[in-house]
Amino acid sequence: MSTALSKAKGFKKSKSGMYLSMATTAFGAFGVAKQAKKARLEHDTLRLIDAAVSAAAIVTGLAILYRELKRLGDDDVLLG
């Protein structure tokens, strides 16, 4: 059981784990876009601000994940 748990912990730091994290973070953008559209239709400023802050968090999260992915690539001897 401990080897399976250690493999699962290492998955987050792998390339495929990073790609999965980026995909799930980007998938959150659909919900934010839906929220922003609904807020515009209802002229709800507070929800629109919430959607803008959420969108900024998604962009920041993707940038951080991309940076980590580049670092993984830099450490790889085979990539040069």
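The structure presented is a predicted model; accordingly, all values stated were derived computationally and were not measured. (Residues numbered from 1 in each chain as written. Predicted model: local features only at pLDDT ≥ 70, side-chain atom pairs only at ≥ 80, totals over all residues. Heavy atoms only, no water.)

1. Considering the overall build of the chain
Right, so step 1: Within the chain one finds 3 helices and 0 strands.
Right, so step 2: Counting helices and strands in the order they occur from the N terminus, the chain gives α-α-α.
Right, so step 3: Sorting the 80 residues of the chain into buried and exposed places 14% on the buried side.
Right, so step 4: Restricting to contacts in the chain with at least 6 residues of sequence separation, those with at least 24 account for 59%.
Right, so step 5: Summing over all exposed atoms, the chain offers an accessible surface of approximately 6400 Å²; the carbon and sulfur share of this is 67%. (Helix = DSSP H or I, 4+ residues; strand = E, 2+ residues; numbered from the N terminus. Buried < 20%, exposed > 50% of the residue type's maximum accessible area, 1.4 Å probe, protein only. Contact = heavy atoms within 4.5 Å. Areas by Shrake-Rupley, 256 points an atom, 1.4 Å probe, with all protein chains shown as cover.)

2. Concerning the UniProt feature "transmembrane region" (unreviewed entry) in the chain
Right, so step 1: With numbering aligned to this structure, UniProt lists the feature "transmembrane region" (unreviewed entry) at residues 45-66.
Right, so step 2: End C-alpha to end C-alpha, residues 45-66 measures 31 Å, and it is 100% helix and 0% strand. (UniProt positions renumbered as here; feature names shortened; annotations may be inferred.)

3. Focus: the environment of Gly73
Right, so step 1: Within the element layout of this structure, Gly73 appears in helix 3 (residues 45-75).
Right, so step 2: On the basis of relative accessibility, which here comes to 16%, the residue Gly73 falls in the buried class.
Right, so step 3: Along the sequence, Gly73 and Lys15 sit 58 residues apart, while their C-alpha atoms lie 8.4 Å from each other.

4. So, unusual backbone geometry
Right, so step 1: Located in the positive-phi region is His43, a residue other than glycine, with phi close to 55°.
Right, so step 2: Residue position: His43 is located in the loop between helix 2 (15-42) and helix 3.

5. A closer look at the environment of Glu68
Right, so step 1: Following the sequence through the fold, Glu68 ends up in helix 3.
Right, so step 2: Given a relative accessible area of 21%, Glu68 falls into the partly exposed group.
Right, so step 3: Sequence separation of Glu68 and Ser14 is 54 residues, and the distance between their C-alpha atoms is 9.8 Å.

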